[in-house]
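# Observations on the model geometry
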Amino acid sequence: MTLIPTLTESVSRARTDLRMGLPVVIDGWLVAAAETVSQDRLSQMQALGPALVVLTRWRAETLKAMVYDGDLARIVVPPEADRAWLRAMADPVGDLMTPLKGPFRLARGGDTLPHRAAIALAKSAELLPAVLMVSLDQPSPALTQLPAEALMTQLATEAQLAPVAAARLPLLAAENSRLHIFRPDDGAAEHYAVEIGTPARDKPVLARLHSACFTGDVLGSLKCDCGPQLHAALNAMGSAGEGVLLYLNQEGRGIGLANKMRAYALQGQGFDTVEANHRLGFEDDERDFRIGAGILREMGFHAVRLMTNNPKKVAMLESQGLTVAKRVPLITPRNRHNTGYLDVKAAKSGHLL
């Protein structure tokens, strides 16, 4: 029946379930997000059998838990553990106050694909990469069911973007501008393209891939250079009379605004940007810049003069078949609040600053 959800639709539904604290089922494992599961549901899951809290290696190493499974650790949940214990395992904000949370008993051996799929699903929902898992003896048809291997394939697949709407939008930087809205087919956030002037499709267009930054772009945060870079790029395109700025909804290097604020709280404890991401359980950068390449192709562009200080963006676009005719540096003034952040971007992320 065509009314039955496809895998893509089931994955989108599962993201929402986890965010609301509702478990899903992956290859016979009951899975709940550590940060959203209620005490009642935690107790119900524990009653079904031995429970595990699954963490990425970054979070496990911070907790001094042995990592036997390469990129993740499976820690046996003590019978007396409550929601506060589970949250403390997932969220590092209180680590410095209670640094010793062990000793831990870890699961070893066996198939870890469902556990990896569960972590990947939590990340895609912009939740902390920490999940509670219990093996089910019998099916639970009322919950969203996902096969682990197909889930991993789906999450790694590039989303297809379709144009939804476009209209003229005069900007301070350029009155002759249009805003295009693109919707991915995987149920994730929409992305935007600001087209200034009428750039030729057969020549390299002045372009920027700009990741959303609510704090910098909207509030004028001094902790980063995002707001100044956004406006500098728009002004440069306005002066040139043409260009395209892609505004990608991948806040906080792809971890979401809530986790970005958690990272900021950790930075307040003395950790740098990369260290904070690792303590939360994330990689340095969780963004998917294939989205930007897809939008450029959809708009008919095949070559760009890319405004960026990040060589990885150049390599990504080229790997997706686009020609980067030139890298255009985008250097903005420093201030006393973002100097350390910029130094880390240069030293650990390879930005050319």
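Residues numbered from 1 in each chain as written. Predicted model: local features only at pLDDT ≥ 70, side-chain atom pairs only at ≥ 80, totals over all residues. Heavy atoms only, no water.

What counts is decided by this rule: UniProt positions are given in the numbering used here, feature names are shortened, and annotations may be inferred rather than shown by experiment.
Labelled according to an unreviewed UniProt entry, the protein appears under the name GTP cyclohydrolase-2, originating from Paracoccus limosus. What UniProt states about the protein under its Pathway (unreviewed entry) heading is, verbatim, "Cofactor biosynthesis; riboflavin biosynthesis; 5-amino-6-(D-ribitylamino)uracil from GTP: step 1/4." The UniProt entry for the protein carries the following text under Function (unreviewed entry): "Catalyzes the conversion of GTP to 2,5-diamino-6-ribosylamino-4(3H)-pyrimidinone 5'-phosphate (DARP), formate and pyrophosphate."

## Thoughts on the overall build of the protein
Rules: Only runs of H or I of at least four residues qualify as helices and only runs of E of at least two qualify as strands under DSSP, and these elements are numbered from the N terminus. For this measure, only C-alpha atoms enter the radius of gyration; the expected value for a globule follows 2.2 Å times N^0.38, where N is the number of residues. Only protein chains enter the accessibility calculation, which uses a 1.4 Å probe. A residue is then buried if its area is under 20% of the maximum for its type, exposed if over 50%, and partly exposed in between. By definition, residues are in contact when any of their heavy atoms lie within 4.5 Å. Residue burial considers only the protein chains on display, and all accessible areas are found by Shrake-Rupley using a 1.4 Å probe. Counting rule for charge: Lys and Arg are taken as positive, Asp and Glu as negative, and neither His nor the chain ends is counted. To locate a charge, take NZ of a lysine, CZ of an arginine, CG of an aspartate or CD of a glutamate.
Counting its regular elements, the protein contains 14 helices and 13 strands. At 22 Å, the protein has a C-alpha radius of gyration in line with the 20 Å of a compact globule built from 353 residues. Each of the three principal axes of the protein carries a C-alpha extent, and together these read 65 × 55 × 30 Å. Each of the 353 residues in the protein was classed as buried or not, and the buried ones make up 52%. Sequence separation of 24 or more characterises 67% of the internal contacts of the protein that already satisfy a separation of 6 or more. Element-wise, carbon and sulfur atoms account for 56% of the exposed surface of the protein, whose accessible area totals about 16300 Å². For the protein, the centre of its 38 positive side-chain charges and the centre of its 37 negative side-chain charges are spaced 5 Å apart.

## A few points about the UniProt feature "domain: GTP cyclohydrolase II" (unreviewed entry) in the protein
Residues given the UniProt feature "domain: GTP cyclohydrolase II" (unreviewed entry) here are residues 166–329. With 37% helix and 25% strand, residues 166–329 has end C-alpha atoms that lie 29 Å from one another.

## Structural notes on helix H5 (residues 113–124)
Note the cut-off: Residue count minus one, scaled by 1.5 Å, sets the expected span of a helix.
Counted at 1.5 Å a residue, the expected span for H5 with its 12 residues is 16 Å, and the 16 Å between its end C-alpha atoms agrees. Listing the buried residues of H5 in full gives Pro114, His115, Ala117, Ala118, Ile119, Leu121, Ala122 and Lys123. The first or second residue beyond H5 is Glu126, which carries a positive phi of 60 degrees.

## Thoughts on the packing of aromatic side chains
Applied cut-off: In this analysis, rings of Phe, Tyr and Trp, with Trp reduced to its six-membered ring, are considered paired at centre separations within 6.5 Å, and the interplanar angle assigns stacked below 30 degrees, edge-to-face beyond 60, and tilted for intermediate values. The criterion for a charge sitting over a ring is simple: Lys NZ or Arg CZ within 6 Å of the ring centre, and within 35 degrees of the ring normal.
Scanning the entire structure with this criterion turns up 1 aromatic pair. Each ring, one from Tyr192 and one from Tyr247, has its centre 6.3 Å from the other, and the planes form 10 degrees; the classification is stacked. With Tyr192 in strand S9 (residues 191–196) and Tyr247 in strand S11 (residues 243–248), this residue pair connects regions lying 55 residues apart in the sequence. The partly exposed category is assigned to Tyr192, whose relative accessible area is 27%. For Tyr247, a relative accessible area of 17% translates into the label buried. In this structure, Arg108 packs its charged tip against the face of Tyr68, placed 3.7 Å from the ring centre. One residue, Lys223, lies across the ring of Tyr264, its end atom 4.6 Å from the ring centre.

## Regarding the pairing of strand S13 (residues 323–328)
Quick note on the threshold: Note: two strands are recorded as paired if DSSP finds a minimum of 2 bridges between them. Classification remark: right-handed applies to a crossover when, strands pointing away from the viewer, the course from the first strand over the helix to the second runs clockwise.
The pairing of strand S12 (residues 303–307) with S13 spans 5 bridges and is parallel. Paired with Arg305 across the strands is Lys326, a residue of S13. Running through helix H13 (residues 311–319), the crossover from S12 to the neighbouring parallel element S13 is right-handed.

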